[in-house]
Amino acid sequence: MATHAPNLTRNESSTTDFLPLKGTDHVEFYVGNARQAAYFYRAAFGMSLVAYAGPETGQRDRASYVLQQGKVRFVLTTALRTDSEIARHVDKHGDGVHAIALWVDDARQSWLETTSRGARSIQEPREFSDADGRVTTASIAAYGDTIHTFVDRTNYTGTFFPGYQTVKEDHIARPVGLLHIDHIVGNVGWNSMNEWVDFYAKVMGFSLYQHFDDNDISTEYSALMSKVMANGNGYVKFPINEPAEGRRKSQIEEYLDFYQGPGVQHMALATNDILATVAAMKQQGVDFLTVPHSYYTELQNRIGKIDEPIEDLEKLGILVDRDNEGYMLQIFTRPVEDRPTVFYEIIQRKGSRSFGKGNFKALFEAIEREQALRGNL
Ligand code: FE2
C-alpha cells in the first residue's frame, strides 16, 4: 500500500529495482485466541473486521480474522489444533507477528529474485482461487520465525483472499484515523544487526536509509543500535535493532528473552491528526508511555514553532522531533500483550522523514521505568 514516503534519490540509479514493492499488503499475527484479539483491535484500535476464514468456511485447522483501517490490514490467526505450526509459534513467542506480507505485481518473480540471492524459501509460488479471481503468493524466511510473503492480487476482486468470507459491517469498530503502516521494526540478537542489514540489501535490494549508534540511543542503563532499511521507492521501511552493552539489560534484550528470539518489536501506524487519533485510542483503552513534564518545558527551545499547542501534546504524552525537512509527532503504546514484546507507535509526519532521534533518550527512559516495574532491568 502506498505511503506518502518520498522517493529516495540514492535509489534512483540506472540499475532497476529487482524487487518492486507496492507497499505492505498485510501483517499476519499468530495468536492464542484470535476472536478475542480481534475484539481488542476493533474496539481499542478501531479496526474493522472485513473478512473471516475458519471451520465455517471450510478451513479446518485455523481461524483467521482480517481487520482493516485505512490501508492498515492485520490478519489474526489462531490454531484450532495443538499439533500445528501456529500453535508452536504461539507456544514459543506468545502472540506475535508471523508474516509481513508485501504487495507485488509478480509473486513468482519476487520469489525467484530473492531466493536466487540467498533467501530461504518457505513457500514456493502458489495460486489460490475462488469465484472472485486468483491470488498468487510465495514466502521467504526473514529474522527469527518471521517470514515475508509476496502477494500478487492483480487478478482478484474479493475482499482479502480466496476462501475468506466477507464481513459486511462491523458495529464494534470505532475508527481512530489510522492511515497506513509507516515502518515495521525488527529486533535481532547481539551483533546480528549488520547480518540482517546485509540480507535486506543483498537479497531484497533495500538500501540504508538512516542509522543510529549507541551514542544516539543510550541512557544511563541500557543501549541499542538501529539501522533503517528502505526499499527502492521508500514505501517499505524496516528498522533493525540489536541490543548494545550498557550498565543494565537493554530493552532489546528483554524483548529477545520474552519473545524467545528475534521478531517484530513495533509497528508505526500513520495518522493525519495525531491529537485526535491518540485521544480516541486512549478513550478506547489503549495504554501509552508517558514522559515527564520537563520534556515539554524544553520542547519549544528544541524544536521551534509547531502547529500543535504544546499543552495539548503534553496532555496526551505526544513527542515531537525536527530535522531539516520538517517535524514529526510520535507516541508509543505499552506492549499490547502480557509478554513485554509487541507494541505500537502512532506517528504523524509533517515533512520530516526521521524516526525521532531527538526523542530517544526521553523515550527509552520511559521504557526503562516500565522495564524496572516488571523486574527486568
Ligand atoms: Fe518506530
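Residues numbered from 1 in each chain as written. Predicted model: local features only at pLDDT ≥ 70, side-chain atom pairs only at ≥ 80, totals over all residues. Heavy atoms only, no water.

Chemist: When you look at the overall build of the protein chain in this model, what are you seeing that I'm missing?
Modeler: A count of helices and strands for the protein chain gives nine helices and 17 strands. Taken over C-alpha atoms, the radius of gyration comes to 20 Å for the protein chain, in line with the 21 Å a tight globule of 377 residues would show. Seen through its principal axes, the protein chain has C-alpha atoms that stretch 60 × 50 × 40 Å. Out of the 377 residues belonging to the protein chain, those deemed buried represent 56%. Here the contacts in the protein chain between residues at least 6 apart in sequence split such that 68% fall between residues at least 24 apart. About 16,100 Å² of surface is accessible on the protein chain, with carbon and sulfur atoms providing 47% of the total. (Helix = DSSP H or I, 4+ residues; strand = E, 2+ residues; numbered from the N terminus. Rg over C-alpha atoms; globule rule 2.2 N^0.38 Å. Buried < 20%, exposed > 50% of the residue type's maximum accessible area, 1.4 Å probe, protein only. Contact = heavy atoms within 4.5 Å. Areas by Shrake-Rupley, 256 points an atom, 1.4 Å probe, with all protein chains shown as cover.)

Chemist: How should I be thinking about the domain arrangement of the protein chain in this particular structure?
Modeler: By convention, interface size is frequently given as the accessible area that disappears when the constituent parts associate. By domain assignment, the protein chain separates into domain 1 (23-166) and domain 2 (178-374). Each of domain 1 and domain 2 has a C-alpha centre, and these two points are 25 Å apart. Taken together, the contact pairs 40 residues of domain 1 with 35 residues of domain 2. Roughly 2,900 Å² of surface becomes buried between domain 1 and domain 2 when both sides are summed, with 67% attributable to carbon and sulfur atoms. Per-residue buried area on domain 1 facing domain 2 is highest for Phe45, His93 and Tyr143; these three make up 25% of the total on that side. For the pair domain 1 and domain 2, the interface holds zero salt bridges. Linking domain 1 with domain 2 are eleven residue pairs in polar contact (both at pLDDT 80 or more). Elements supplying a minimum of two residues to the side of domain 1 that touches domain 2: β1 (23-30), α1 (34-43), β4 (72-79), α2 (85-93), β5 (96-103), α3 (107-115), β7 (133-141) and β8 (147-152). (Domains from an automatic or database assignment. Buried area = accessible area lost by both parts, 1.4 Å probe. Salt bridge = Lys/Arg side-chain N within 4 Å of Asp/Glu carboxyl O. Polar contact = N/O pair within 3.5 Å; in protein donor to acceptor, adjacent residues only side chain to side chain.)

Chemist: Would you mind going over the coordination of the iron ion with me for this structure?
Modeler: A metal bound by six donors in octahedral fashion has ideal angles of 90 or 180 degrees, whereas one bound by four tetrahedral donors has an ideal angle of 109.5 degrees. Surrounding the iron ion are the protein donor atoms His183 (NE2), His266 (NE2) and Glu345 (OE), which sit 2.0 to 2.2 Å from the metal. As a motif over one chain, the donors of the iron ion read H-x82-H-x78-E. Remark: Glu345 occurs in strand β17 (residues 343-350) and His183 occurs in strand β10 (residues 180-187); sequence separation between them is 162 residues. We classify His183 as buried; its relative accessible area is 2%. Of the residues examined, Glu345 reaches a relative accessible area of 1% and is grouped as buried. (Donors = N, O, S within 2.8 Å, 3.2 Å for Na, K, Ca; no water.)

Chemist: I would appreciate a short explanation of the confidence of the model for the protein chain in the present structure.
Modeler: Detail in the predicted coordinates should be disregarded across regions flagged by low pLDDT. Per-residue confidence for the protein chain averages 92 on the pLDDT scale, and 93% of its residues sit at or above 70. Counting interchain partners and residues more than four positions distant, the pLDDT-below-50 stretch residues 1-14 has 38 contacts. (pLDDT = per-residue confidence, 0-100.)

Chemist: What should I look at first to understand the pairing of β17 in this one?
Modeler: The side chains of a regular strand alternate, first on one face of the sheet and then on the other. Of all eight residues in β17, seven are buried, a share of seventy percent or more. Judged from the five bridges that link them, strand β14 (residues 263-270) and β17 form a sheet pairing that is parallel. In the strand pairing of β17, Ala270 is matched with Ile347. Where strand β16 (residues 326-332) meets β17, five bridges bridge the pair, whose relative direction is antiparallel. Within the sheet, the bridge partner assigned to Phe332 lies in β17 and is Glu345. (Pairing = 2+ DSSP bridges.)

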